[in-house]
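Given next are the chains, with one letter for each unit.
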Amino acid sequence: MGIVLERLPWVCGALPGGSGVLACADGFINWARKRSVWPMTFGLACCAIEMMASYASRFDFDRFGVFPRPSPRQADLIIIAGTVCKKMADPILQVYHQMPEPRFVLAFGSCANCGGPFHDSYAVVKGVDKLLPVDVYVAGCPPRPEALLHGVLELQKKIDAMRLAG
Amino acid sequence: MTDDEVLAKLAATFPKADKAETQIKGILTLRAASGDDLVALARWLKDKLGFDYLDMITAVDHVAERKAFELVYCFTQLPAGQRVALKLETPDPGSVPSLTAVFPSADWQEREVFDLFGVRFQGHPDLRKILTPDFLEGHPLRKDYVHAKDRFD
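This report concerns the structure included in the present document.

Thresholds applied
Residues numbered from 1 in each chain as written. Chains lettered and ligands numbered in written order. Predicted model: local features only at pLDDT ≥ 70, side-chain atom pairs only at ≥ 80, totals over all residues. Heavy atoms only, no water. Contact = heavy atoms within 4.5 Å. Buried area = accessible area lost by both parts, 1.4 Å probe. Salt bridge = Lys/Arg side-chain N within 4 Å of Asp/Glu carboxyl O. Polar contact = N/O pair within 3.5 Å; in protein donor to acceptor, adjacent residues only side chain to side chain. Nonpolar A, V, L, I, M, F, W, Y, C, P; charged D, E, K, R; others polar. Pairing = 2+ DSSP bridges. Helix = DSSP H or I, 4+ residues; strand = E, 2+ residues; numbered from the N terminus. Axes fitted to C-alpha atoms, helices over the stretch in contact; angles between N-to-C directions. Buried < 20%, exposed > 50% of the residue type's maximum accessible area, 1.4 Å probe, protein only.

Another point: the interface of chain B and chain A. The partner chain A presents 9 residues to the 15 residues of chain B that form the contact. Roughly 940 Å² of surface becomes buried between chain B and chain A when both sides are summed, with 62% attributable to carbon and sulfur atoms. Remark: the boundary between chain B and chain A carries 3 salt bridges. A salt bridge links K86 of chain A to D150 of chain B, with the shortest nitrogen-to-oxygen separation between them at 2.9 Å. Seen at the junction of chain B and chain A, the total is 7 residue pairs in polar contact (both at pLDDT 80 or more). Taken together, the residues that form the side of chain B that touches chain A break down as 10 nonpolar, 2 polar and 3 charged.

Moving on, we get to the sheet that holds strand β4 (residues 68-77) of chain B. All names here are of chain B. Within the open sheet, the 5 strands sit side by side as β1-β2-β5-β4-β3. Their pairing is mixed. Here the strands that pair on one side only, and so sit at the sheet edges, are β1 (18-19) and β3 (53-61). Where β4 lies against strand β5 (residues 82-91), 10 bridges are found, and the strand directions are antiparallel. Across the sheet, F75 pairs through a bridge with V84, a residue of β5. Along the sheet, helix α1 (residues 3-13) makes contact with β1, β2 (28-32) and β5, crossing β2 at roughly 15 degrees.

All names here are of chain A. Tallied over the full model, the rule gives 15 salt bridges over all chains. Here R163 ties to D26 by a salt bridge, and the two come within 4.0 Å at their closest N and O atoms. In this pair, R163 is assigned in the segment after α6 (145-160) and D26 in helix α2 (residues 25-34), connecting sequence segments 137 residues apart. Taking the relative accessible area as the measure of exposure, D26 reaches 14% and is therefore buried. Ionic pairing is found between K158 and D135, a salt bridge with its closest N-O pair at 3.0 Å. Within this pair, whereas K158 is found in helix α6, its partner D135 is found in the loop between α5 (110-114) and β6 (136-138), the two being separated by 23 residues in sequence. Judged by its relative accessible area of 39%, K158 is partly exposed. The exposure class of D135 is partly exposed, given its relative accessible area of 22%.

With that out of the way, let us pick up the sheet that holds β6 of chain A. Residues and elements named next belong to chain A. Strand order in the open sheet made by the 4 strands is β3-β4-β5-β6, with parallel pairing throughout. The open sheet has two free edges, formed respectively by β3 (39-40) and β6, since each of these has just one partner strand. Here strand β4 (residues 77-81) runs beside strand β5 (residues 104-108); their pairing, made up of 5 bridges, is parallel. Paired with I78 across the bridge in β5 is V105.

Here's what the structure looks like:
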């Protein structure tokens with residue numbers, strides 16, 4: 001409880017039978033949610049290599065509570081890392097709809113943002129925002145792992161601003 | 001087997017076929033006169049000369065110059081690592097016999113050529129799209145292909 005009491009302005013007091021915590025529901029839920037953003041293991045092209053590097057020890061995504069999940073049913077975030085082919089559009093939607101809400105989408109790299117160098121291709125979706133509501137865009141071709149870390153930190157800020165009501 | 005030996009055997013067995021005008025770099029390139037003896041030629045290359053691995057099938061678009069496609073087949077003799085290419089010109093629109101009876105691996109490769117160039121293969125067991133999405137009309141690697149915008153553009 002030490003870290004919890006340091007970081008959050010909650011009221012903690014002794015009650016008969018144990019300690020009680022009084023906190024704002026938004027603050028508590030957002031605190032838990034933003035520190036356990038579990039992304040779907042999902043890579044499409046060369047950007048996925050940078051995403052894998054982010055998970056590995058050098059960049060160590062675990063520090064932020066980001067653990068890749070092998071099942072969309074356990075995931076909060078889908079990182080669209082790479083070129084989205086038109087033929088891949090339906091499988092992406094299928095995976096997205098299997099994720100429990102609230103779910104977030106991070107478009108990683110130029111191809112996922114807008115089609116990138118394949119913008120004129122007959123085969124490539126011109127940005128994954130044609131399919132899914134994107135929360136965070138990360139620019140680069142490919143972006144470095146630090147950029148992905150920054151993207152997740154931005155997502156954490158966005159989660160922090162979520163409200164249960166109103 | 002040297003290139004000259006292959007050519008000599010080819011001339012003895014298939015008098016209509018010969019060495020192609022344009023050679024692929026480092027690979028002996030043959031030319032089949034027409035689609036009629038394509039399957040027999042491939043079977044001969046496989047059974048008699050040991051070119052038992054079909055590397056690839058592709059096509060070249062010459063529609064603007066002479067209303068034709070040039071199909072390129074590439075065979076390998078695996079133990080020796082020797083390769084031989086075979087070219088065949090077919091008018092557009094037209095069709096060529098399928099090699100699936102000789103090389104089962106030709107199945108998907110011919111589907112790819114059909115999907116991207118629109119060349120039809122007679123006798124193919126399942127000639128349908130393989131790479132492009134179902135809603136895409138036309139054959140995108142043709143030089144006269146015009147892309148119609150879809151919901152992802």
